Amino acid sequence: MTLVDYPGKVAAILFTGACDFRCPFCQNASLVLDPSSEPEIPEEEIFDYLKKRKGMLEGVVVTGGEPTVHSDLLEYMGRIKALGYSVKLDTNGYRPDVLKKAVNGGYADYVAMDIKNSLGKYAETAGVKNLFTPLIEESISFLKEGHVPYEFRTTVVHELHSDEDFEKIGKMCEGCDRFYLQTFSDKGDIIKKGLTAPSPEDMERYIKILRKYIRNVLLRDR
Ligand code: SF4
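For clarity, every value in this text was computed on a predicted model and none was experimentally measured.

Rules used in this analysis
- Residues numbered from 1 in each chain as written.
- Predicted model: local features only at pLDDT ≥ 70, side-chain atom pairs only at ≥ 80, totals over all residues.
- Heavy atoms only, no water.
- Near = heavy atom within 4 Å.
- Nonpolar A, V, L, I, M, F, W, Y, C, P; charged D, E, K, R; others polar.
- Helix = DSSP H or I, 4+ residues; strand = E, 2+ residues; numbered from the N terminus.
- Expected span 1.5 Å × (residues − 1).
- Contact = heavy atoms within 4.5 Å.
- Phe/Tyr/Trp six-rings, centres within 6.5 Å; stacked < 30°, edge-to-face > 60°.
- Buried < 20%, exposed > 50% of the residue type's maximum accessible area, 1.4 Å probe, protein only.
- Lys NZ or Arg CZ within 6 Å of the ring centre and 35° of its normal.
- Arc of directions from axis to C-beta.
- Core = buried A, V, L, I, M, F, W, Y, C linked by side-chain atoms within 4.5 Å.
- Salt bridge = Lys/Arg side-chain N within 4 Å of Asp/Glu carboxyl O.

(A) The site of the ligand, seen in detail. The immediate surroundings of the ligand are formed by Cys19, Phe21, Arg22, Cys23, Cys26, Val32, Gly65, Asn92 and Lys116. Considering only residue class, the shell around the ligand consists of five nonpolar, two polar and two charged.

(B) Local environment of helix α6 (residues 133-144). For α6, spanning 12 residues, the distance from its first C-alpha to its last is 17 Å, which sits close to the expected 16 Å at 1.5 Å a residue. Next to the buried residues of α6 lie α4 (96-104), β4 (110-114), α5 (122-126), β5 (150-156) and α7 (163-172). Among the residues trailing α6, Gly146 stands out with phi positive, at a value near 80°.

(C) Spotlight on the packing of aromatic side chains. In this structure the tally under the stated criterion is five aromatic pairs. Where Phe21 meets Tyr94, the ring centres are 5.2 Å apart and the plane angle is 55°; that geometry is what we call tilted. Residue Phe21 is located in the loop between β1 (11-15) and α1 (29-33), and its partner Tyr94 is located in the loop between β3 (86-91) and α4; the two are separated by 73 residues in the primary sequence. A single burial state applies to Phe21 and to Tyr94, both of which are buried. A cation over a ring is seen here: Lys9 above Tyr6, with NZ or CZ 5.8 Å from the ring centre. When the ring centre of Phe47 is taken as origin, the NZ or CZ atom of Arg79, which lies over that ring, is 4.0 Å away.

(D) Molecular detail of α7. All of the buried residues along α7 are Asp165, Phe166, Ile169, Gly170 and Met172. The buried residues of α7 all sit within an arc of 160° when viewed along its axis, so they share a single face. Away from the buried face of α7 by more than 90 degrees, exposed residues Glu164 and Lys171 are located. Contacts made by the buried residues of α7 are with α6, β5, β6 (179-183) and α8 (200-211).

(E) Molecular detail of the nonpolar core. Membership of the largest hydrophobic core comes to 64 residues, with the highest contact counts inside it found for Phe21, Ile80, Ile115, Phe152, Cys173 and Phe179. Not counting the four nearest positions on each side in its chain, Ile115 is found in contact with Tyr122, Ile140, Phe152, Arg153, Thr154, Ile169, Met172, Cys173 and Phe179.

(F) Representation of the pattern of salt bridges in the model. The full count for this structure, using the stated rule, is 14 salt bridges. Between Lys88 and Asp90 there is a salt bridge; the shortest N-O distance is 2.7 Å. Residue Lys88 is classed as buried on the basis of its relative accessible area, which comes to 1%. Residue class for Asp90 comes out buried when judged on its relative accessible area of 5%. In this structure, Lys212 engages Glu167 in a salt bridge whose closest nitrogen and oxygen atoms are separated by 2.6 Å.

Structural data, given as structure tokens:
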């Protein structure tokens with residue numbers, strides 16, 4: 001259960017295994033690199049849990065890994081919606097086709113999309129060679145059209161982000177509804193060791209830079 005992952009709602013979080021990115025700062029390394037090592041909760045158990053907690057819980061966050069890599073995602077989200085829950089989809093935005101279907105089909109009530117970095121450093125920050133950044137831009141443009149409430153968010157890592165990156169990110173996401181910055185912290189189950197958090201001064205500066213382009217820029221710390 002979470003009070004912070006779905007803005008304004010008490011929600012359950014469902015983690016899906018596997019991801020098409022390998023962000024070095026990823027906090028769910030086991031889920032991404034070796035999903036079969038994680039306990040799998042039978043669907044029946046999940047839906048029983050959700051049925052019993054109707055009224056206590058308002059929403060369900062479908063997160064990862066990367067949910068959009070699963071071919072049965074929309075059916076799964078549809079079953080959750082059919083129980084009367086609002087559904088939030090967390091995504092890296094690399095599959096705009098699935099994102100559009102989730103939103104246009106009414107499966108997602110809220111979308112949180114990661115903005116890993118400025119486009120020139122996207123491949124490095126996502127840990128994927130030959131990453132095709134137009135797919136990221138397509139997801140950003142689609143969400144900015146406002147078909148559904150959404151947020152963009154960046155986990156800020158000292159070794160990966162700079163003022164220049166946030167100038168570029170601000171321009172790329174200009175006019176968006178909400179942008180959250182999260183300070184990286186190494187909680188152990190991480191893809192690449194040795195990364196560090198930016199200083200509070202760096203974070204303040206990045207927020208100021210983004211506010212030149214985006215009205216609602218907020219710090220979300222866990
Ligand atoms: S942080 Fe990166 S590697 Fe980890 S789940 Fe998200 S997109 Fe995948």
